[in-house]
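# Structure at a glance
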Amino acid sequence: MDLRADDFSIRDFRFNSGELLPELRLHFRTLGKPVRGASGSVGNTVLILHGTTGSGAQFLRSSFAGELFQRGQLLDAEKHFIILPDGIGHGRSSKPSDGMRMNFPRYGYLDMIRAQRLLVSEGLDVDRLKLVLGTSMGGMQTWLWGIHYPGFMDYLAPLASLPAEIAGRNRMIRKMIMDSIRMDPAWHDGNYVEQPPGLINAIHLLLMMTSAPLQWRKEAGTREAADAYLAERIRSYASTLDANDMLYAYAASEDYDPAPHLSRIQAPLLAINSADDQVNPPELGILEAAIKRVKRGRFVLLPIDEHTRGHGTHTLAGLWKHHLASFLSGNDV
C-alpha cells in the first residue's frame, strides 16, 4: 500500500471558544491516490476518523486495514484514496502536551471537524468524499459531518456512537475521568513534571467505561489472571497517555448534540453498534428512535458473540464489513 504521513498547517485557527492558535498542526496519513473524473472532481476518497485518545495510526492494524484496505477488499487502497487524520489534541496533531499545557485553546468536536474539512479540501485538494467512517468519537464526528457538510459526501458510516448529547452514565464517567485529573493536587493546574497519580485513576475509569464483561471473563478467568490483565492494561495506557491531553480530549465532547439537526443529513447513513458496547448500551433505545429522523438512515446492532469486544468491536472490521459492503452497494443491510 502507498502509505504517506505528513502535517497540514492551518494559520490563525480560531476555535469556537474564541481562542486563536497562530498555527494548528494536523497530522495525517494517506493510503492510495486521489482519482479525478472528467469534471476534475475526486470520487474515490474515504475519510476515517478515530476515537478519544486514539489516532489515525490505529486503522493500520491488521484487524482493520487487513480486513478493508488490501487488494480486492472493500476499501482497496489501490482503488481508494484513504485519509486517516489525527484529530486536534490527539496523536501527532497539535495538543496541550506539546508545550502549551492548559494554555492550549479549549477545543470541541465542532472545531475538530472544521479542521478536518480544511485538511481535506485545502490540504489535499479533495472536493468530495465517497465515504466518511468513524469509530467512537470519530463516529460522533461522522454524524456531525453529515449535519454540517451535508452535500460533501456520498455515504456516512458512524460506528460505536449515538446521535445524542453526552448525558447519563456516559457523561458521569467522563466527568469522573476529568475530575480524577483536576482534583489531584499533583496535577498543579496542568504544570506537573511527572504524570500525576490522577491519570491512573482516570485510566481505571476508562477501562470500566469500555469494558466487555463476557470477553474479560474469558480472558481473565481467575483472580490472578484478572489482576495481571488489569495491570497490563494500565501499563499500556499509562505509557502513552498525558493527563492534560486526556482532560482536553474528554472535555471536547461537551459541544456534541446532533439530535436536533438529524434531518439535515442528506447522504445515506449506516450506523453500526455492538450489543455489548457499555459506552452506548442498546437498552437506552436512543439510536432506534433517532435513525427514524435520518432520511436515508439505517441501523445495525451486532449481537454479542465470542468475537465481539464491547466498545472495541468498532475496530474489528471483520465483524461488520459485510454490512458496510451491502450498504455501499445500495442493497438493504
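Residues numbered from 1 in each chain as written. Predicted model: local features only at pLDDT ≥ 70, side-chain atom pairs only at ≥ 80, totals over all residues. Heavy atoms only, no water.

## Topic: the overall build of the protein chain
For the protein chain, the helix and strand inventory stands at ten helices and eight strands. The globule rule puts the C-alpha radius of gyration for 333 residues at 20 Å, and the 19 Å found for the protein chain is close to it. Reported as C-alpha extents along the three principal axes, the dimensions of the protein chain are approximately 60 × 50 × 40 Å. When burial is assessed residue by residue, the protein chain has 52% of its 333 residues classed as buried. Accessible area of the protein chain: about 14600 Å², with a carbon and sulfur share of 52%. Side chains of the protein chain give 36 positive and 37 negative charges; the mean places of these two sets differ by 4 Å. (Helix = DSSP H or I, 4+ residues; strand = E, 2+ residues; numbered from the N terminus. Rg over C-alpha atoms; globule rule 2.2 N^0.38 Å. Buried < 20%, exposed > 50% of the residue type's maximum accessible area, 1.4 Å probe, protein only. Areas by Shrake-Rupley, 256 points an atom, 1.4 Å probe, with all protein chains shown as cover. Lys, Arg positive; Asp, Glu negative; His and termini not counted. Charge placed at Lys NZ, Arg CZ, Asp CG, Glu CD.)

## Remarks on the pairing of strand 1 (residues 3-14)
Pairing of strand 1 with strand 2 (residues 20-31), which is carried by eleven bridges, proceeds in the antiparallel orientation. Opposite F13, over in strand 2, you have L21 as the bridge partner. What sits between the antiparallel neighbours strand 1 and strand 2 is a turn of five residues, in which G18 has the positive phi angle 95 degrees. (Pairing = 2+ DSSP bridges.)

## As for helix 4 (residues 168-182)
Between its terminal C-alpha atoms helix 4 stretches 21 Å, which fits the 21 Å expected from 15 residues at 1.5 Å a residue. Every buried residue of helix 4 is listed here: N170, I173, R174, I177, M178, D179, S180 and I181. Buried residues along helix 4 sit in contact with helix 2 (109-123), helix 3 (137-148), helix 5 (198-209) and helix 8 (243-251). (Expected span 1.5 Å × (residues − 1). Contact = heavy atoms within 4.5 Å.)

## Topic: the environment of P158
In this fold, P158 is placed in strand 6 (residues 153-159). Residue classification places P158 among the buried positions, given a relative accessible area of 1%. Taking C-alpha positions, P158 is 25 Å from S41, a pair spaced 117 residues apart along the chain. Not counting residues up to four positions away in its chain, the partners in contact with P158 are G134, G139, T142, W143, L269, L270, A271 and I272.

## Some details on the pattern of salt bridges
Scanning the entire structure with this criterion turns up 16 salt bridges. Close ionic contact of R114 with D111 constitutes a salt bridge, the shortest N to O distance being 3.3 Å. Of this pair, R114 and D111 are both found in helix 2, three residues apart, which corresponds to roughly one turn of the helix. Exposure remark for R114: the relative accessible area of 26% places this residue in the partly exposed category. Across the pair R182 and D179 runs a salt bridge whose closest N-O atoms are separated by 3.3 Å. Of this pair, R182 and D179 both sit in helix 4, separated by three residues, roughly a single helical turn. The class of R182 is partly exposed, set by a relative accessible area of 39%. (Salt bridge = Lys/Arg side-chain N within 4 Å of Asp/Glu carboxyl O.)

## Considering the packing of helix 5 against helix 7 (residues 223-238)
Look at helix 5 against helix 7: their axes get within 10 Å of each other, and the N-to-C directions meet at 120 degrees. Two packed elements cross with a definite hand, and for helix 5 against helix 7 that hand is right-handed. Across the interface between the two elements, I200, I203, H204, L206 and L207 of helix 5 pack against L230, R233, I234, Y237 and A238 of helix 7. (Axes fitted to C-alpha atoms, helices over the stretch in contact; angles between N-to-C directions. Left-handed = near helix turned anticlockwise from the far one by under 90°.)

## Description of the packing of helix 4 against helix 5
For the pair helix 4 and helix 5, the least separation of the axes is 7 Å and the interaxial angle reads 165 degrees. Considering the angle they form, helix 4 stands roughly antiparallel to helix 5. Both helix 4 and helix 5 take part in a crossing whose hand is left-handed. Between helix 4 and helix 5, the residues in contact are R169, N170, I173, R174, M176, I177, S180 and I181 and G198, N201, A202, L205, L206, M208 and M209, respectively. Residues belonging to the contact of helix 4 with helix 5 are distributed by class as follows: nine nonpolar, four polar and two charged. (Parallel < 35°, antiparallel > 145°, perpendicular 65-115°, else oblique. Nonpolar A, V, L, I, M, F, W, Y, C, P; charged D, E, K, R; others polar.)

## Description of the side chain of D76
Checked against the element boundaries, D76 lands in the loop between helix 1 (65-68) and strand 4 (81-85). The buried charged residue D76 lacks any salt bridge partner; its closest oppositely charged side chain belongs to K79, at an N-O distance of 4.8 Å. With residues near it in sequence (within four places) discarded, D76 still touches L68, F69, Q70 and R71.

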